[in-house]
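# Observations on chain architecture
The lines below spell out each chain.
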Amino acid sequence: MKKVIIIRYSEIYLKGKNRGFFERAFETNLRRAVKDLNCELIKQSGRYLVQDFQEEETDEIVERLKKVFGLHTMSVAYETNSDMDSIFEVAKTLCHENGTFKVESHRGDKKYPLTSVEISRELGARLLSWAKGALKVDVHMPSFTIRVDIRENGHALVFGDYIEGANGMPVGTAGKGVLLLSGGIDSPVAGYMMAKRGMTIDCLHFHSYPYTNMQAKEKVVDLAKILSQYTCGTTLYTVSVTHIQEAIHEKCKPELMITLLRRFMYRIAERHALRIGGQCLITGESLGQVASQTIEGMTSSNSVVEQLPVLRPLVSFDKNEIIDRSVKMGAYETSILPFEDCCTVFLPDFPAIRPKLCDILREEEKLDVEGLIAEAFTSVEKIKI
């Protein structure tokens, strides 16, 4: 017998005649996740197997595969011959010393001489006899389960537990989005949520150096690295908006500072996205969370975006829900590091909660909008993660 890892995919099975496209993307992402490890990935009917790996790398492979979207469940299993004697020898190694158990069987090979029910009954009887009273059968609430999968190649897969995967759709099957990545909690989660639906993610970060320090930039790079574990890599672009903030601070009403800045960010983000083939903008906004995230504030920001949709996957989430997802993806401890982002520069005491578009347009007339945007694009830096 040899140890293998069974991989089962998620929604891909619903795709009918298009399934091959999604399977190919999924397989590519699986291979990318373990490319530097010594193992082999093979496709079987409706599933994949990782095999020929070092025993001590099992946990590392599982942890990496957990971050591949499209993966429903995994199981660390043993592959053996499909005769009952071989299956029984493996099953003994998976048994607890005492307690209750049940056997679940699946017969992929319909020519196998026993039905699924008969396999379970036969193996259960053998385990009861071998355990000499230390184990009992409980088909309703067992303390552990032995699972047997008879394959068409004359082999059987024997395993115990299911390991939950990331689910969703394979990255690379739903277009390309540009994530407005700040140094906070919300935007990495927004990128994670869209990648889960199969979207390729590039990141765009606005900074206000020297008002914000280089540690704030390093924090964002670290967040992009965490996100890239789920997005099969990413590219981070950084843009300075220091000159824009200085101009707004000098010429415009302070209570509209945030709204005016966000309108510049959206203009820059859309033009940048169109340059790199992006098909939408993604933000971490949650309705009512801060002053700029009222429906009026969102409407004001959206009004300058001319061609692309703006996706807000967290719009209905409360803060605790977002934090839970941040913790799950491993970004929370980095997100809460106390380095300020550009939105804290020249922050007014009382920002407008319900800005009126007529007031905003009047203030923007005081600014050289196109000149400021052009200057921002001269500061673009590209970082391949």
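Above this text is the structure in question.
Residues numbered from 1 in each chain as written. Predicted model: local features only at pLDDT ≥ 70, side-chain atom pairs only at ≥ 80, totals over all residues. Heavy atoms only, no water.

Taken across its eight residues, strand β11 (residues 200–207) has seven buried, putting it largely inside the fold. Bridge analysis of strand β10 (residues 176–180) against β11 gives five bridges, and the strand direction is parallel. Bridge pairing in β11 places lysine 176 opposite threonine 200. This β-α-β element, β10 to helix α5 (residues 186–196) to β11, shows right-handed connectivity. As a crossover connection, the stretch from β11 through helix α6 (residues 214–231) into strand β12 (residues 235–240) is right-handed. (Buried < 20%, exposed > 50% of the residue type's maximum accessible area, 1.4 Å probe, protein only. Helix = DSSP H or I, 4+ residues; strand = E, 2+ residues; numbered from the N terminus. Pairing = 2+ DSSP bridges. Right-handed = clockwise from strand over helix to strand, strands pointing away.)

Okay, helix α9 (residues 295–302) next. For α9, the complete set of buried residues consists of Gly297, Met298, Ser300 and Ser301. Along the axis of α9, the buried residues cluster in a sector spanning 160°; they form a single face. Each element contacted by the buried residues of α9 is listed here: α8 (257–276) and α12 (357–364). (Arc of directions from axis to C-beta. Contact = heavy atoms within 4.5 Å.)

Glancing now at the sheet that holds β11. Ordered in space as β14-β13-β10-β11-β12-β15, the six strands form an open sheet in which the pairing is mixed. Strands at the two margins of the open sheet, each flanked by one partner only, are β14 (310–311) and β15 (381–384).

Next up on the list: the pairing of β12. Of all the six residues making up β12, six are buried; the element is thus mostly covered by neighbouring parts of the structure. Residues Thr235, Tyr237 and Val239 line one face of β12 and the alternating positions Leu236, Thr238 and Ser240 line the opposite face, and both faces are buried. Bridging between β11 and β12 involves five bridges; their strand directions are parallel. Among the inter-strand pairings, histidine 205 is bridged to a residue of β12, identified as threonine 238. The sheet contact formed by β12 and β15 spans four bridges and is antiparallel. Among the inter-strand pairings, tyrosine 237 is bridged to a residue of β15, identified as lysine 382.

As a further point, take helix α13 (residues 369–377). Those residues of α13 not exposed but buried are Val369, Leu372, Ile373, Ala376 and Phe377. Seen from one end, α13 has its buried residues packed into an arc of 140°, which puts them on one side. Tucked into the core, α13 has its buried residues touching β12, α7 (242–251), α8 and α12.

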